[in-house]
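Residue-level listing of the chains:
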Amino acid sequence: MNTRSGWFTFLLFLLLLAMILLQVLSMVQSDRLYERLNFLLETISSRQMPASKAEPNLTAQSAQKYPGDEGDWLVWDLSGEVRTLNLLNVDATLDTRYIVSGTIIEPLFEQDLDADKEKLKPKLAEKMDISEDGLEITIKLKDNIYFSDGVPVTADDIIFTFETMMNPKIDCADLRNYFDNITGAVKLDNRRVKFVMKERYWKTISMIGSFYVFPRHTYQFNDPNEFNKRISNPIGSGPYVFEKWDVGQQIVLRRNENYWDKKPNIKKIVFKFISNATAALQALRSHDTDMFEPGSEQVTDMPKDPQFSKEFRTIIFWDPSFGYWYIGWNEQRAFFKDRRVRQAMTCLTDRKAMVEQLTRGKGAVVTGTFYIYGRQNDPNIQPWPYDPQKAAQLLDEAGWKDTDGDGIRDKDGIPFRFKYSYVAGNISAEQMARLLKDDAAKVGIEVIPNPTEWSIFIGNVNARDFDVVELMWGGVIEEDPYQIFHSSQIQGRGNNYVSFNNRQADELMERARRELDEEKRYALYHQFHRILHEEQPYTFLMTRPRYYFIDKRFENVIVHKLGIDLFEWYVPKEKQRYK
Amino acid sequence: MKKLELKIDNKNWGTSYGQLVWQQLTKNRTNLVCLWFIIVLFTTAVFAPLIANDKPFVVRMASTGSPQVEGKVYFPLFGALTANDYSVFLAAIVGAILLFSLRRNSRKVDPFLRPAVLWRQISICTVILFLGIILLQIFIPRKLDATDYRAMLAGGKATDAVFPLVPYGYGRTDIKVCQRPPNRNHWLGTDDVGSDVLCRLIHGTRISLSVGFVAVGISGIVGIIFGAIMGYFGGKIDFLGMRLVEIMMSVPTFFLIITIVAFFPRSLFNIMVIIGITSWTDDARFIRAEFLKLRNQDFVQAAVSLGLPLRSILFRHMLPNGMAPVLVSVTFGVAGAIFIESALSFLGFGVAPPTPSWGQMLSTGVSTTGEFLWWLSFFPGLAIFFTVTAYNLLGEGLRDAIDPKLRKAV
Amino acid sequence: MTTYIIRRILLMIPTILGITIMVFAISRVAPGDPVSLSMGPGGQLDAQRAADVRKARMALYGLDKPIHVQYAIWLKRVVQLDFGDSIKHHRPVIDLIAERLPVTITLNVISIIIIYIISIPLGIFSAVRQGRFSDKVSSVILFMLWSLPSMWAGQMLIGYFCGPTFKNWFPPAGLSSNFADALPFFPWLGDRLWHLTLPVICLSYSGFAYLTKQVRAGMLDNLRCDYIRTARAKGLDNWTVIFRHAFRNSLLPIITIMGTLLPAMIGGSVIIESIFSIPGMGRLAFEAITTRDYNVVMAVATTAGFLDLIGLLLADIAYAIADPRISFERIE
């Protein structure tokens, strides 16, 4: 027998055995690693907890809770994993806010979900006083409020959070920008803080309203990097406490039994991350998850299935945070300097058909930059119609005609041919690119779709190196368009990358910033909206409502004007799934 | 199958290696079917704008209309052919000429002179091709013609028009008929913006075929040369060569792709080059392994002692014996290139729209959330399946034909 | 032979250095940087501030130094096994890799084992029965399987086997169920394997065709050789002829492929991981590249490079063991 072959087979078997052993070990090891990670984080944070000084009045508070049966878990499927649970971190996305904001860490005031404009309800703070000249705001905290570890919330925590935010070494540049206007925060006494502002600006007042309060005793740091690195285990005063984060799989919150206010009924909230839409739907239908945000096709088709409607609720509501899609025309290029050309391009995009097909009719065409059901938006402005003939006429007026017979319009020797840049991999952007290319070709304009990778895309946008971009802005119930449309934001890396420069618009925006009287301010913004509509710096495309599928076992799911509040929900005892 | 038999005029010449392989290949019916299928595929690719186009071959304008155009006859389709289309026609003609001269050589030219003659013909044709393409790109203008000729016909502005087989253009959209299943108007249905699937499938043939060939061509040639040199010489050359191969293999492919895509415009050619550059290492390693085994065998020693040039030893003696794994790899590689292109489209790095490619159509069919539009993924998938199978079966047939031990009596 | 192995192991070091230099150079040359990315157009930053903030953040991450200095700093840290922190995740890169590498390795190793277990017998079978009906049928089936793109197959499998639409046999996403932490070891293992079934199926089915064809090609080459005729004439039974003689001589391509499988593992399963929401190395690497998270990219490249080299070395050693005719020395 050939010794070589004997050795060989033996080695092969050994290798096989080793591989199997390795797998098993690795699977065990990786889970142990998660446990260790979470355990480590917990021990670090618990070491910083001092003994609680004040004894919270537990008996009185714990009697307060939302009506309904207690118990059960809510498993919420978010489509992408969050990278940080630190609300002040610049990488905190909307999903981070779903997980942490209001549940673990609370703001001073919260938005009234039944209003149609910005209206603040007291949360941690009792009231807000604004001085006569609008330059000083005094906040008074409620009494008997405390964090989840029993330590009371004081003015020191507000000052701490503010100073952390303004610390240049802390990684929260974009949030800091909104508090730029505040020169200082002064502690008046244990419950009151005074913010002093440089100039009158209505947005600062609302930002102070939604100010999160971080507990100083657990978050204080010597080295700012400590705070930047603290991406997990958030601690706050909210109705839920962070339990664990299995990276890549789930984040678990459990109810704060020491909560100072009305306790919600749901004992645990589990956030899962399933990025694939089909998988998310299947997970919902097999009751692995209880809630997720579907796409327009799913939300139209699934409710038609009677079995599905029996088990799941479909919720559709307009959410200002959704924002809108738009096409930005770079006004530094020869083509788009003339406003008639921009108007023509808007007349070439069939936005109604886009809404029909891409959002199954649930969305709406947008005419300006404001939330369409907010007070800043002027509802009387009608969108430009889809009218290729009018577009051709406008183009003729602006001097773009086909002089050399090649089918493409031109002027001064420049053919009307441009690159339409959008983020590669974005399906709806690609569909819009193909539609625009075809529609524009009919009037003699050649559009070259240019899908670009995200990082290069950002670079181009910042360097103003593009002809046309297709993008999306997120929104708020009331926003300040200064960042996007004021002429001072054109140079450098400002957000006015289409180089929109209009005297009148500038003035209106500046005046509106100083205007603290709501009605006057809305009137100014209506005028601004009209200018946007005439000038068409963007072709404002469309927006759509938010959709949710929610397991029907959750009762009291009320759809307010501005959204849903999961603290109100409960599951009747006989339908509860988890203990 | 009589047409494909070779008649040899001068019996003294005997049959050359190429003729032998050809005869073996064409004996098997499966191989012939695959060969014909590939020929049909190529023809479709070359003549795509004449098969599927929204402009008619010829249109006669109505006699009631503006005085400039009434009664006139136009040829919109031919007017709208691009420089690319003409280049493809030129390449097809040149290729056909080469094939014919190959046949003619085998009959009329002395076998000893044949290689030299062949090289001369190939170089002449390549020069003609390149010059032609350059001239075409310079002189054929870019035109834009988006007139809806079918609407003109329906509306009475034009009296007669002759449309190609599939009267739709691959870039034309019609959002009112988007996402329709196969029906009378659109034989294979429409996609998410209303373009006709059959038309895009036909035009996609060009893209997919060229991706397969160019990518595999680059990777095959570079890989074989590298592997042969490494495997034959061994020692230091093998060492250094393998280090280079290891470094090439370890660089994440996506990185290279993103970097190249960032710097150069989003074009099909760049993608093909990238796929070729990142896949030659596999072939190199196969050839190296085989050559390491072969170089100590007797026939190689004999060739060396005869004093044959290196090029001859490597490629005429050793390579046919070590080709088997590379043949398999190459035939899979052609289809693999199509799949890589499809994966790139899925992740957002494929060809820019509206250029159709089977990979891009497949990825759109897959990523629609919710409802399952079967025709969007089924037909491109079927096309890929048939192409892949044809290439692979042909590759296997080629492998069998080259194998001297399988030679059947002529 | 031993000198060869020692030389190869020593040579790994400069090779890895070469890999890291190449990856470093390419990643820096590619336009875009992580700081601008997180500041993005949604940053809502005032124009004047943006430049200062950007400069401050670049300095914070050490990105403002010249390139060779950055590389030297990185190298110094790596030698102490400190791969730095991820800019996006704000965690040490080692933790990220330690979490995801086992998952990816598990997924791929199981797939490789399945591919080999199925393909080798199938390849031998096709070669022995070459030209007959069973060979043709298996060819067609294999090609059909191979033509199915994995993303499409993944979606189909999720759509039909993960929910109430057709059969609810498998979980649609993730690595473990909600309850898994509370389970003892063997049920936990079973739950894990149950979650991995569909991804493994998607990863492996496309490999059958390729490997089977390679085995078949190699076997066919050998089955026609004279020594096989001799073996048969000697009176050896068919099994011995096929396995001990023909198969062993056709091992070379199979070993080559095994050597390349280890490298392909790390980045190759991006699509499967994104479809099935599995936190693995493929997704980590892809996201790091698109967000220019340099530390993660370098760490992944180094890890992958190291695994590559080990795989190639093992393959070369296996060549020498499998075929005594191979020697790596220079011919005289």
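Since this is a predicted model, take the numbers as computed values, not measurements. (Residues numbered from 1 in each chain as written. Chains lettered and ligands numbered in written order. Predicted model: local features only at pLDDT ≥ 70, side-chain atom pairs only at ≥ 80, totals over all residues.)

A.B. asks: Looking at this structure, I do not really get the overall build of chain A. What am I missing?
C.D. replies: Helix and strand content of chain A: 19 helices and 22 strands. Going through the 579 residues of chain A one by one, you find that 46% of them count as buried. Pairs at least 24 residues apart make up 68% of the contacts formed inside chain A by residues separated by at least 6 positions. (Helix = DSSP H or I, 4+ residues; strand = E, 2+ residues; numbered from the N terminus. Buried ≥ 20, exposed ≤ 12 C-beta atoms within 10 Å, placed from the backbone. Contact = placed C-beta atoms within 7 Å.)

A.B. asks: What exactly am I supposed to notice about the overall build of chain B here?
C.D. replies: If you tally the helices and strands in chain B, you get 15 helices and three strands. Each principal axis of the C-alpha distribution contributes one length, and for chain B these read about 85 × 55 × 40 Å. Buried residues in chain B amount to 41% of all 410 residues. In chain B, the share of contacts with a sequence separation of at least 24, taken over all contacts with a separation of at least 6, comes to 69%.

A.B. asks: Can you help me understand the sheet that holds strand E1 (residues 73–78) of chain A in this one?
C.D. replies: As a general point, the strands of a sheet are linked pairwise by backbone hydrogen bonds and lie either parallel or antiparallel. Residues and elements named next belong to chain A. Across the sheet, seven strands lie side by side as E8-E9-E10-E1-E11-E22-E12; this open sheet has mixed pairing. Sheet topology places strand E8 (240–246) and strand E12 (312–317) at the edges, where each strand pairs with a single neighbour. As judged from the five bridges shared by strand E9 (residues 250–255) and strand E10 (residues 268–273), these two strands associate in the antiparallel manner. Each bridged residue has a counterpart across the sheet, and for Gln 250 the counterpart in E10 is Lys 272. (Pairing = 2+ DSSP bridges.)

A.B. asks: In this structure, what is going on with the environment of B:Leu118? I would like to understand it.
C.D. replies: All names here are of chain B. Counting through the fold element by element, Leu 118 comes out in helix H6 (residues 114–139). Owing to 16 C-beta atoms within 10 Å, Leu 118 belongs among the partly exposed residues under this scheme. Linking Leu 118 and Asn 105, residues 13 residues apart in sequence, is a C-alpha distance of 7.9 Å.

A.B. asks: I tried to follow the nonpolar core on my own but got confused; where do I start?
C.D. replies: It is characteristic of soluble globular proteins that their nonpolar side chains tend to be buried jointly. With 227 residues, the main nonpolar core has C:Val297 and C:Val300 as its most contacted residues. Looking at this core element by element, the count peaks at 18 residues for helix H13 (residues 310–347) of chain B. Residues A:Tyr422, A:Leu436, A:Phe466 and A:Leu562 belong to the second largest nonpolar core, which totals 69 residues. (Core = buried A, V, L, I, M, F, W, Y, C linked by C-beta atoms within 7 Å.)

A.B. asks: How should helix H4 (residues 67–79) of chain C be read in this particular structure?
C.D. replies: Residue pairs three or four apart in sequence face the same way in an α-helix, which turns once every 3.6 residues. Taking 1.5 Å of rise per residue, 13 residues should cover 18 Å, and H4(C) covers 18 Å from first to last C-alpha, within 8% of that figure. Following H4(C) by one or two positions, C:Leu81 adopts a phi angle in the positive range, close to 60°. (Expected span 1.5 Å × (residues − 1).)

A.B. asks: Explanation requested: the sheet that holds strand E5 (residues 136–141) of chain A in the structure shown.
C.D. replies: All names here are of chain A. The strand order across the open sheet built from four strands is E4-E5-E7-E6, with neighbouring strands paired in antiparallel fashion. Bordering the open sheet on either side are strand E4 (125–130) and strand E6 (182–189), each of which pairs with just one other strand. Neighbouring strand axes in the sheet, compared pairwise and without regard to direction, differ in orientation by 20° on average. With five bridges connecting them, E4 and E5 associate as antiparallel partners. (Axes fitted to C-alpha atoms, helices over the stretch in contact; angles between N-to-C directions.)

A.B. asks: I keep staring at the packing of helix H12 (residues 298–306) of chain B against H13(B) and nothing clicks. Help me out?
C.D. replies: Helix-helix packing: each pair is described by the crossing angle between the helix axes and the interaxial distance. Residues and elements named next belong to chain B. Where H12 contacts H13, the axes come no closer than 11 Å and their chain directions differ by 150°. Here H12 lies roughly antiparallel to H13, going by the angle between them. The interaxial crossing formed by H12 with H13 has right-handed handedness. Every residue of H13 that contacts H12 at Phe 299, Val 300, Ala 303 and Val 304 is listed here: Ile 313, His 317 and Met 318. Considering only residue class, the contact of H12 with H13 consists of six nonpolar, one polar and no charged. (Parallel < 35°, antiparallel > 145°, perpendicular 65-115°, else oblique. Left-handed = near helix turned anticlockwise from the far one by under 90°. Nonpolar A, V, L, I, M, F, W, Y, C, P; charged D, E, K, R; others polar.)

A.B. asks: I would appreciate a short explanation of the confidence of the model for chain B in the present structure.
C.D. replies: Caution applies to low-pLDDT regions: their predicted coordinates should not be interpreted in detail. Here chain B shows a mean pLDDT of 80. Residues at 70 or above account for 91%. Confidence, expressed as mean pLDDT per element, reaches its minimum in chain B at helix H10 (residues 253–263) of chain B with 70 and its maximum at helix H2 (residues 29–46) of chain B with 89. (pLDDT = per-residue confidence, 0-100.)

A.B. asks: What is the right way to read the confidence of the model for chain A from this model?
C.D. replies: All names here are of chain A. Residues of chain A with pLDDT of at least 70 account for 89%, and the chain-wide mean is 84. For the stretch residues 1–5, pLDDT sits under 50, and the model shows three contacts to residues farther than four places along the chain or on other chains. A low-confidence stretch, residues 44–62 (pLDDT under 50), is modelled with 17 contacts involving residues beyond four sequence positions or located in other chains.

A.B. asks: Please clarify how helix H16 (residues 454–462) of chain A should be interpreted in this entry.
C.D. replies: Listing the buried residues of H16(A) in full gives A:Ser455, A:Ile456, A:Phe457, A:Ile458, A:Val461 and A:Asn462. Positive backbone phi, at 60°, marks A:Arg464, one or two positions downstream of H16(A).

A.B. asks: Which parts of the structure should I look at to understand the environment of A:Thr183?
C.D. replies: Residue and element names in this part refer to chain A. For Thr 183, the location among the structural elements is in strand E6. Here the alpha-carbon distance between Thr 183 and Asn 144, two residues 39 residues apart in the chain, equals 29 Å. Contact partners of Thr 183, with chain neighbours within four places excluded, come to Val 196, Met 197 and Lys 198.

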